[in-house]
Amino acid sequence: MDRLDPADNLTERIVPLQGELLGFMRRRRPHEAEELAQEVWLRVSSATTPSEPRAFRAYVFTVARRLLIDRHRRSRTIGSLVALDGGRAAEVASSGSDPHGQAVAAEVLAVVERCLGSMKADVAQVFRWRATTDLSFKDIAARQGCSLNTALGRQHQAARRIARALDEAGHSRRKP
Amino acid sequence: MTCPHASTTTVAWAFGEFEGSANDEEAHTLHVASCADCSEALEALEAVEAEAAPLAGALAVEESAKPPPVEGPVPATAARPTLGGRLWAGIALAAALVLGTVAAWVDDPLVAPLPPEPVAVHVMPSPSPVAAPPHVPVLDLDRELDELELELDALRTDPSIL
């Protein structure tokens, strides 16, 4: 891979991407967008990065997505809702203050649940455990009696199917 | 999807569970950025986390999603009776056979006194000698009896296995 020459000016390569990265973060975590973008640049500046512009851009957004996954997980609302009797979407819908946001959340939950319901039980179980507990993939593999790679593969499979279902339902924020 | 890392290493890496040195992790970051399969996998993981994380509480209400309170691997299927349990079942069967034989010797089995010693001595200490776990299906009674007879033979040959 073509790596950054130490003599290169990293700032010159960052500037053209700053607006794009900030917009990317704003669409996902509007209240923390600037902080997250700064964190990305910090990580990029301390790493050995590709020098070719397209590869550099891909690298920046790879770091950004990974940072977002970490942030999403830290902020998830584990156990914030109580047991429901067939009305989970309604419960989610009543948990926020923005009516549009509530409706979207209810729709997304319905898509995710429908998708999980169509998966093999072991695949859906890995996703549910990752979403609702702090179990590591090693823990999940041990509990399911499978290899670590199998547990990772199940998460991968579940995420791809849910991402596709969200795309089809018009709830995608995938592209930068 | 052809990259073998897309469904394994990249998933662990994306969730901060990469196993390796910092240099290896950095090398994998470069790999993901340049690999179409891994980039697509990362995109999907991030997109789903973004949508699902705020709803995790709703997903958590699923009882099936809660991990069982055990520390070791959970067996995928119901376990068969242990050797010890099956041996006790064998002893119980032997006791039943002895009872049947004794009953056949008397004219009126209904009033004939049961022989107390052979049965009570062996059966009483057992935790549940006869009753198999309720979740164990007995689909083939002949096969089960064959197995019990084999275990009885083994017991006769070497009673110390108890």
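Please read these numbers as outputs of a predicted model, since none were measured by experiment. (Residues numbered from 1 in each chain as written. Chains lettered and ligands numbered in written order. Predicted model: local features only at pLDDT ≥ 70, side-chain atom pairs only at ≥ 80, totals over all residues. Heavy atoms only, no water.)

## Regarding the confidence of the model for chain B
In low-pLDDT segments, the atomic positions of the prediction should not be examined closely.
Residue and element names in this part refer to chain B.
Here is step 1: Per-residue confidence for chain B averages 69 on the pLDDT scale, and 44% of its residues sit at or above 70.
Here is step 2: For chain B, per-element mean pLDDT is lowest for helix α6 (residues 116-123), which scores 46, and highest for helix α1 (residues 9-14), which scores 96.
Here is step 3: For the stretch residues 74-79, pLDDT sits under 50, and the model shows six contacts to residues farther than four places along the chain or on other chains.
Here is step 4: With pLDDT under 50 throughout, residues 108-113 is counted as low confidence; its partners more than four residues away or in other chains account for two contacts. (pLDDT = per-residue confidence, 0-100. Helix = DSSP H or I, 4+ residues; strand = E, 2+ residues; numbered from the N terminus. Contact = heavy atoms within 4.5 Å.)

## Considering the confidence of the model for chain A
Here is step 1: Looking at chain A as a whole, its pLDDT mean stands at 83, while 81% of the residues score no less than 70.
Here is step 2: The low-confidence segment residues 79-86 of chain A, where pLDDT is below 50, has 13 contacts with residues more than four positions distant or belonging to other chains.

## A look at the nonpolar core
Here is step 1: Ranked by size, the top nonpolar core spans 47 residues in total, and within it L116, M119, F127 and I162 of chain A carry the most contacts.
Here is step 2: Taken together, the elements giving at least two residues each to this core come down to α5 (99-117), α6 (121-132), α7 (137-144) and α8 (148-168) of chain A together with α1, α3 (36-52) and α4 (56-60) of chain B.
Here is step 3: Sequence-distant contacts of L116 of chain A, that is, excluding residues within four places in its chain, are made with A124, F127, R128 and I162 of chain A together with L59 of chain B.
Here is step 4: Membership of the second largest hydrophobic core comes to 23 residues, among which are L21, W41, V63 and L67 of chain A. (Core = buried A, V, L, I, M, F, W, Y, C linked by side-chain atoms within 4.5 Å. Buried < 20%, exposed > 50% of the residue type's maximum accessible area, 1.4 Å probe, protein only.)

## Notes on the packing of helix α2 (residues 33-45) of chain A against helix α3 (residues 53-75) of chain A
Residues and elements named next belong to chain A.
Here is step 1: Two numbers describe how α2 lies on α3: the axes approach to 10 Å, and their chain directions differ by 125°. When the axes of α2 and α3 are compared, the pair comes out oblique. In this structure, α2 crosses over α3, and the sense of that crossing is right-handed. Residues E35, L36, E39, V40, W41, R43 and V44 of α2 form the contact with α3, whose own contacting residues are F56, Y59, V60, V63, A64, L67, L68 and R71.
Here is step 2: Here the residues of the contact of α2 with α3 sort into eleven nonpolar, no polar and four charged. (Axes fitted to C-alpha atoms, helices over the stretch in contact; angles between N-to-C directions. Parallel < 35°, antiparallel > 145°, perpendicular 65-115°, else oblique. Left-handed = near helix turned anticlockwise from the far one by under 90°. Nonpolar A, V, L, I, M, F, W, Y, C, P; charged D, E, K, R; others polar.)

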